[in-house]
Protein chains: 2
Amino acid sequence: MDAEVKKLLLDTKKFVDKKIKLKGWIRNNRSQKEFGFIDLNDGTAFESIQIVYEDKALENFKEVAKFNVGSAISVEGKLVLTPNMKQPFEVKAETILLKGGSLEDYPIQPKRHSREFLRENAHFRSRTNLFNAVFRVRSVVSFAIHRFFQERNFIYLHAPLITANDAEGAGELFQVSTLDSEKPEKDFFNDFFGKKTNLTVTGQLQAEAFALAFSKVYTFGPTFRAEKSNTPRHASEFWMIEPEVAFFDLKDNMELAEEMIKFIIDDLFKNCQSELEFFNKFVEKGLIEKLKNVQTKTFIRITYKKALEILKKHNEKFTIKAAEGNDLATEHEKFLTKHFGGPVFVTDWPKDLKAFYMRLNDDDETVAAMDLLVPLAGELIGGSQREERLDYLEKRMEEMNISDKDLWWYKDLRKYGGNKHSGFGLGLERMIMYVTGVDNIRDVIPFPRTPKHCEF
Amino acid sequence: MDAEVKKLLLDTKKFVDKKIKLKGWIRNNRSQKEFGFIDLNDGTAFESIQIVYEDKALENFKEVAKFNVGSAISVEGKLVLTPNMKQPFEVKAETILLKGGSLEDYPIQPKRHSREFLRENAHFRSRTNLFNAVFRVRSVVSFAIHRFFQERNFIYLHAPLITANDAEGAGELFQVSTLDSEKPEKDFFNDFFGKKTNLTVTGQLQAEAFALAFSKVYTFGPTFRAEKSNTPRHASEFWMIEPEVAFFDLKDNMELAEEMIKFIIDDLFKNCQSELEFFNKFVEKGLIEKLKNVQTKTFIRITYKKALEILKKHNEKFTIKAAEGNDLATEHEKFLTKHFGGPVFVTDWPKDLKAFYMRLNDDDETVAAMDLLVPLAGELIGGSQREERLDYLEKRMEEMNISDKDLWWYKDLRKYGGNKHSGFGLGLERMIMYVTGVDNIRDVIPFPRTPKHCEF
C-alpha cells in the first residue's frame, strides 16, 4: 500500500510485515558487495527510514548501489520491526526505481555544512535535518496560531500590503511604483496608484477598523522594513501576527498574549517532539527545559518604572547604564528575565519611547504599552491599549509630526462607536528563533531578503 | 456572566434566564415613551440581538433612548426565550452603558447603502450585514484551507514577496525600491538589494523547491499584478493558495483540487449557514443550490481538444467563435459548465497559451495543464504538471525568451533529485466571490488596491 514516512511512524503497527510503497530522496547510500542501506527521507517527517536492499532480491542491485545522494526514488518492500536497533523498523526492499537522478556534485552531501553555505543553497537546504526541522516547526507554529484564534472566534483579516500610510513613523520604507526609474519624477500623479505608496510596516491600523466591527480579529501576513541593518535579528521581509480586540484593556491584552504563547508551546510538544529533541541536542542545549519553564510559569507583570528601579540597583553589571526615560538595552532585558526566572511583561512605558497610537495614562507621561520579554531572546511581543480619545490622539499626532492626510479614516474610528481596544504584534520569525534556538533570522525564513540579498 | 452573541446562539439553553453581559455596537435604536429596542451586533456572529429596555428598569432610560446608531455599549440583562417571535430570544436590559458614542452623521445608517458608497467607507463597511458576512466567510474559508492541507501533512511555506524573478513572464510588475524617485537611475547597484526587484506574481517556483524536499507543501500569501485593468475581477493585490506536490501527475493534481473545493464548501455549510442563507436571499438567488451541486457532483475531466470539438458545434451561439489554438472566452467557459451541469477540468492545452514551466506532452504541442471551470464564475483554479526534464525546460525558456539569470536555482532542481511534480493555484478572492455571489473583487478584499486606488 502507498505510505509516507509520517504515517509509518505514527501508526507503525498497521504496516508491520505489509508490503508498502514509499517515495522520497536518498540522504545516504552505503553499499557492500551483496547488500546495501539507503537512508530515505520524504520530508513528511523529520526522520529518515532505513531501506535494506540485497543483491538476491533486486534485479537492478548494481545500479541501485550507485544511486547518488539526492536522487529521487520509489521503493516497494516490507516493513520489518528491528527491536534491537536504534531505529524501530526498516524496510526490506523488493523494488527500487530511480525517479529522478542526482549529479555527483550535489551540494548537500551527508556531512556537516556551514549555515552560510546552506544559505547560498537555500533551494536545497530543506533537505538537511536542521532545515527540515526548522521549516516544519514554522508550518506547525503558523497553524497553531490560526487554531488558537479561530477556536476563540477571532476573524482572520488580510491587511493590505501596499499602503500610503506610514504607521510607525519609522521612515525606512520600500517604495512601490510602476514609474520608469530612468526618468526623474517629483509627482506621483502618474504612478500606478496616483500617489506615493510603500510596503506596509504593520497591519494594525486596519485591524483596528475590523476590531471595531467584529470585536476580535487578527492579521497574519508579511510586513517590510527597509532598514540597512545587517544583523542576525533583522530581515527586510518578515511575517507578523497582530490580534486586535475591542473592549480589551492592557490587562486583558497581556492575558491573551500569555495564553497564545503557552498554546503554541503546548502544541509543539504535541506535534514536533523529534524536532525539539534535535534542537535541544544540536542547536541550543537546554531548549526543552527553557520552553517547559515558559509553559508552566505565570508571566510576571511589572511597570517600566519598577523595572528601572530593579535595574538601577545592578547598574554596575551593565555596559549601558539603565536610566529613566531610556529604552531597555538587550542586557537589561536579559537581566530582568533571569532575575524573575521566566517571561516578564514590562508595561506603562514613557510615551516618547512608543508609537503615537498608544493610550496615554493618567500620569500624562507614560502610555499603556506592554513588551513581553522572554529568557534569552529578549522582546517577543509588543503591544498596547490604543488611544480611543480623539482629542488625545490628535494632540499626539501633532506632537510627533504624523501626517493625518491618509489617516482621516483612522480618526473616524474614534468618532463613531470608538471604544477601549487593545492589541499586540508577534513577529513569527522571532517566535521560530525562540522555539528552535536558531540564532540567525536568515535561517528561519525560507528565502530571506536582507540588504543586498534577494536571491531565489 | 460575560457572553458574546456567537455563544448565545450556539448554546442558548445555557444562558436562558441567566444574567448576562454583552458588549457591541448599536445597529438600530427604536424608542417609545416607556420602552425601546436596540439591535446589538458584536461582530462575533452574523446575527444581531434584540435588547429590550424599559423606563422602569433603567436609571438612564432617557439617555439610552437617544444613543445614536453606531455607538458602542455594554448591556447587562437577562436572556429570555421568545418562542412566538422571529428571533428565538431577546435580552431584557437591567443596565445599558455608553462605551463609545457615535456622532449623528455616522455614515452607516439602518438603510440600504450602495456598494460604491460602502467602498468609500471601507473602515466602517464591516458593520453592515453584507460585509460582516463576506469577511467572516473569508476568514472561515482561509482557515478551512489551512486545515485541509495541514490534516494531509502538507508543510505551509511562506514564499518571498520581494523577488528578482518574473515567473509568469507577464511583465506587469510593481517595482520595489529605496532609490530616490527624483533622481534617474539606470543601474540598480545602489538600490536596497543591489538589483532590480519587484513584487511577486506567484510563489510557485519557490514552492517547487520546497516540494522537492517535503513532498507536499502549500503557500498561502499575497501576490501582486500591476495590470491597469479596471474590471470587477482584477485587483492589484490579492491572496493565492498554491499547493505543490512531488511525485504527483496531472491526474493526482486534479483529484487534490476537487477534494479541496469540496472540503471548503462542506465546511461553509457547517460554519456559515446564516451567511449562506443571507447571500442566497439577497446577493445571488440559487447560490445554495449551486454550491450543493458542486459538493455532490464528480467534476468532469476533458481535454482542450475535446472542449473545442464541443464548442465548435455551437459556434453560432458565441460572439467570439471558438477556434483551435485560442484561449477559451468567458462565454465558452460558461457554455461548458452549463453543458456538463457542473465543474469541468479542461486539460492538455496548446503550449503557446501557457507558462514556460508546464510539462510538454508527448504530442509536442500541448502541455499537461489544467483549468478548473465552475458554473457562473468561469476559471477558479489553474495548475499543471511541471516540466521536470532539464533539456525540455531550457528549450522552452529559450523559445519564450525567459531570462535564466535569476533562475539558476530553479534549473538546479532538475539536476538533483528532480522528479515528477505538480501543483495549482487558487485565487482566494475568486473563491470568496464564488461562494458568496458577490460579483466585484473590491467587495471581498478588506481594503482593496486597484489602479489609482490606495486608500486606508
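Just above sits the structure.
Residues numbered from 1 in each chain as written. Chains lettered and ligands numbered in written order. Predicted model: local features only at pLDDT ≥ 70, side-chain atom pairs only at ≥ 80, totals over all residues. Heavy atoms only, no water.

**Student:** So what exactly am I meant to see when it comes to the packing of helix 10 (residues 304–313) of chain A against helix 11 (residues 330–340) of chain A here?
**Tutor:** How two helices pack is summed up by the angle between their axes together with the distance between the axes. All names here are of chain A. At a minimum axis distance of 11 Å, the contact between helix 10 and helix 11 shows a crossing angle of 95°. The angle between helix 10 and helix 11 places the two elements in the roughly perpendicular class. Between helix 10, through Ala307, Ile310 and Leu311, and helix 11, the contact on the second element is made entirely by His332, Phe335, Leu336, His339 and Phe340. Classifying every residue of the contact of helix 10 with helix 11 by side-chain character gives six nonpolar, two polar and no charged. (Axes fitted to C-alpha atoms, helices over the stretch in contact; angles between N-to-C directions. Helix = DSSP H or I, 4+ residues; strand = E, 2+ residues; numbered from the N terminus. Parallel < 35°, antiparallel > 145°, perpendicular 65-115°, else oblique. Contact = heavy atoms within 4.5 Å. Nonpolar A, V, L, I, M, F, W, Y, C, P; charged D, E, K, R; others polar.)

**Student:** It is not clear to me how the interface of chain B and chain A should be interpreted in this structure. Could you clarify?
**Tutor:** In many reports, interface size means the accessible area that the parts give up when they come together. In this assembly, 113 residues from chain B lie in contact with 114 residues from chain A. In this assembly, chain B packs against chain A so that about 9200 Å² is buried in total across both faces, 63% of it on carbon and sulfur atoms. Along the contact surface separating chain B from chain A lie two salt bridges. As a salt-bridge pair, Glu4(A) and Lys216(B) come within 2.9 Å of each other at their nearest N and O atoms. Seen at the junction of chain B and chain A, the total is 47 residue pairs in polar contact (both at pLDDT 80 or more). With eleven residues, the top contributor of residues to the side of chain B that touches chain A is helix 5 (residues 129–151) of chain B. Taken together, the residues that form the side of chain B that touches chain A break down as 52 nonpolar, 35 polar and 26 charged. In this structure, strand 8 (residues 175–177) of chain A lies alongside strand 8 (residues 175–177) of chain B, joined through three bridges in antiparallel fashion. Bridged to Gln175(A) within strand 8 of chain B is Ser177(B). (Buried area = accessible area lost by both parts, 1.4 Å probe. Salt bridge = Lys/Arg side-chain N within 4 Å of Asp/Glu carboxyl O. Polar contact = N/O pair within 3.5 Å; in protein donor to acceptor, adjacent residues only side chain to side chain. Pairing = 2+ DSSP bridges.)

**Student:** What exactly am I supposed to notice about helix 14 (residues 428–436) of chain A here?
**Tutor:** Helical geometry: 3.6 residues make up each α-helical turn, so side chains three or four residues apart lie on a common side. All names here are of chain A. The buried count for helix 14 comes to eight of nine residues, which makes it a mostly enclosed element. Every buried residue belonging to helix 14 is among Leu428, Glu429, Met431, Ile432, Met433, Tyr434, Val435 and Thr436, and all of these are buried. Immediately beyond the C-terminal end of helix 14, within one or two residues, lies Gly437, with a positive phi of roughly 85°. (Buried < 20%, exposed > 50% of the residue type's maximum accessible area, 1.4 Å probe, protein only.)

**Student:** For this particular structure, what's the right way to read the pattern of salt bridges?
**Tutor:** If the charged atoms of two oppositely charged side chains come close together, the side chains can form a pair. Scanning the model with the defined rule gives 64 salt bridges over all chains in all. Measuring nitrogen to oxygen at the nearest pair gives 3.8 Å for the salt bridge that ties Glu151(B) to Arg147(B). Separated by four residues within a single helix, Glu151(B) and Arg147(B) lie in helix 5, roughly one turn from each other. Sharing partners across several salt bridges, the network here consists of Arg147(A), Glu151(A), Arg152(A), Glu259(A) and Asp267(A).

**Student:** Honestly, the pairing of strand 15 (residues 378–385) of chain B in this entry has me stumped. Any pointers?
**Tutor:** Residues and elements named next belong to chain B. Judged by how many residues are buried, strand 15 sits mostly within the fold: six of eight residues are covered. Alignment of strand 14 (residues 366–374) against strand 15, held across six bridges, turns out to be antiparallel. Each bridged residue has a counterpart across the sheet, and for Leu372 the counterpart in strand 15 is Ile381. Here strand 14 hands over to strand 15 after three residues, with Leu376 in that stretch at a positive phi of 75°. As paired elements, strand 15 and strand 16 (residues 421–427) share five bridges and run antiparallel to each other. By the bridge assignment, Gly383 is partnered in strand 16 with Phe424.

**Student:** What is the right way to look at empty space enclosed by the protein in this model?
**Tutor:** The probe, sized like a water molecule, is rolled over the atoms to show the empty space still left. Summed over the entire model, instances satisfying the criterion amount to seven cavities of 30 Å³ or more. A volume near 230 Å³ is recorded for the largest cavity. For the largest cavity, the lining is made up of 19 residues, of which Ser177(A), Ser181(A), Gln175(B), Ser177(B) and Ser181(B) are closest to its centre. In this structure, the second largest cavity occupies an estimated 100 Å³ of space. Taken together, 16 residues line the second largest cavity, and the ones lying closest to its centre are Ala159(A), Thr219(A), Phe220(A), Gly221(A) and Pro222(A). With five residues, the top contributor of residues to the lining of the second largest cavity is strand 10 (residues 216–224) of chain A. Here the lining of the second largest cavity is composed, by residue class, of eight nonpolar, seven polar and one charged. (1 Å grid on protein atoms, 1.4 Å probe; cavity = no way out; pocket = protein on both sides within 12 Å on 5 of 7 lines; lining within 4 Å. Points joined across faces, edges and corners; volume = space filled by probe spheres on them.)

**Student:** Help me understand the sheet that holds strand 10 (residues 216–224) of chain B in this model?
**Tutor:** For sheets, the rule is that strands pair by backbone hydrogen bonds, running either parallel or antiparallel. Residue and element names in this part refer to chain B. Judged by pairing direction, the sheet is mixed, and its eight strands sit side by side in the order 6-10-11-16-15-14-13-12 without closing on themselves. Looking along the sheet, the strands with just one partner apiece sit at the ends: strand 6 (155–157) and strand 12 (300–303). Put simply, the sheet's adjacent strands are angled 20° from each other on average, direction ignored. Relative to strand 16, helix 7 (residues 250–271) is tilted by about 30°, and along the sheet it contacts strand 11 (237–246), strand 12, strand 13 (344–350), strand 14, strand 15 and strand 16.

**Student:** Any chance you could explain the relation of the copies chain B and chain A here in plain terms?
**Tutor:** Aligned on chain A, chain B shows an RMSD of 0.0 Å; the corresponding rotation is 180° and the shift along the axis is 0.0 Å. On this basis, the relationship between the two copies can be described by a two-fold rotation axis. Taken together, the interface assignments show that 100% of the residues at the interface of chain B recur at the interface of chain A, consistent with an identical surface on both copies. (Least-squares fit on C-alpha atoms with pLDDT ≥ 70 in both.)

**Student:** Is there a simple way to explain the environment of Asn293(A) in this structure?
**Tutor:** Residue and element names in this part refer to chain A. Take Asn293: it is sitting in helix 9 (residues 287–296). Overall, Asn293 belongs to the partly exposed group, its relative accessible area being 24%. Sequence separation of Asn293 and Pro375 is 82 residues, and the distance between their C-alpha atoms is 9.8 Å. The contact partners of Asn293, leaving out residues within four places of it in the chain, are Gly341 and Gly342.

**Student:** What should I look at first to understand the side chain of Thr197(B) in this one?
**Tutor:** Note that Thr197(B) resides in strand 9 (residues 197–199). By relative accessible area, Thr197(B) is classed as buried at 2%. One polar contact links the side chain of Thr197(B) to the main-chain carbonyl oxygen of Val176(B), over a distance of 2.9 Å. Apart from the residues within four sequence positions on either side, Thr197(B) is in contact with Cys454(A), Ile162(B), Thr163(B), Phe174(B), Gln175(B) and Val176(B).

**Student:** Looking at this structure, I do not really get the pairing of strand 13 (residues 344–350) of chain A. What am I missing?
**Tutor:** Where a strand is regular, its side chains alternate between the two sheet faces. All names here are of chain A. Most of strand 13 sits inside the fold, with six of its seven residues counted as buried. Sheet analysis places strand 13 next to strand 14 (residues 366–374), joined by six bridges and oriented antiparallel. Among the inter-strand pairings, Thr347 is bridged to a residue of strand 14, identified as Met370.

**Student:** Explain unusual backbone geometry here, please?
**Tutor:** A negative phi holds for most residues other than glycine; trans holds for most peptide bonds. Residues and elements named next belong to chain B. One non-glycine residue with positive phi stands out, namely Asp17, at about 65°. With respect to the element layout, Asp17 can be found in the loop between helix 2 (12–15) and strand 1 (19–31). In this structure, Leu376 takes a positive phi of about 75° despite not being glycine. By the element assignment, Leu376 lies in the loop between strand 14 and strand 15. Residue Leu376 is classed as exposed on the basis of its relative accessible area, which comes to 57%.

**Student:** Explanation requested: the environment of Val438(B) in the structure shown.
**Tutor:** Residues and elements named next belong to chain B. Residue position: Val438 is located in the segment after helix 14 (428–436). Overall, Val438 belongs to the buried group, its relative accessible area being 2%. In the structure, Val438 is positioned 285 residues away from Asn153 in sequence and 33 Å away in space, judged by C-alpha atoms. If near-sequence neighbours (up to four positions away) are discounted, Val438 is found in contact with Arg115, Leu130, Val134, Val283, Met433, Asp443 and Val444.

**Student:** What is the right way to look at helix 5 of chain B in this model?
**Tutor:** For helix 5 of chain B, which comprises 23 residues, the first-to-last C-alpha distance of 32 Å matches the rise-based estimate of 33 Å (1.5 Å per residue) to within 8%. Taken across its 23 residues, helix 5 of chain B has 20 buried, putting it largely inside the fold. (Expected span 1.5 Å × (residues − 1).)

**Student:** Explain the packing of aromatic side chains to me, please; I cannot follow it from the model alone.
**Tutor:** For any pair of aromatic rings, the description consists of the separation of the ring centres together with the inter-plane angle of the planes. For the coordinates displayed, the defined rule picks out 66 aromatic pairs over all chains. A centroid spacing of 4.8 Å and a plane angle of 20° characterise the contact between Phe149(A) and Tyr218(A), whose relative ring orientation is stacked. Of this pair, Phe149(A) sits in helix 5 (residues 129–151) while Tyr218(A) sits in strand 10, and the two are 69 residues apart along the sequence. Judged by its relative accessible area of 0%, Phe149(A) is buried. Where Trp409(A) meets Phe456(B), the ring centres are 5.9 Å apart and the plane angle is 65°; that geometry is what we call edge-to-face. In this pair, Trp409(A) sits in helix 13 (residues 408–415) while Phe456(B) sits in the segment after helix 14, so the two residues belong to two different chains. Comparing Trp409(A) with Phe456(B), the two get one shared label, buried. Of the aromatic side chains, those joined through ring pairs into one cluster are Phe131(A), Phe135(A), Phe447(A), Phe456(A), Phe210(B), Phe214(B), Phe356(B), Tyr357(B), Trp408(B), Trp409(B) and Tyr410(B). One Lys or Arg, Lys292(A), reaches over the ring of Phe269(A) and ends 4.2 Å from the middle of that ring. Here the basic side chain of Lys354(B) rests over the ring of Trp349(B), its NZ or CZ set 4.3 Å away from the ring centre. (Phe/Tyr/Trp six-rings, centres within 6.5 Å; stacked < 30°, edge-to-face > 60°. Lys NZ or Arg CZ within 6 Å of the ring centre and 35° of its normal.)

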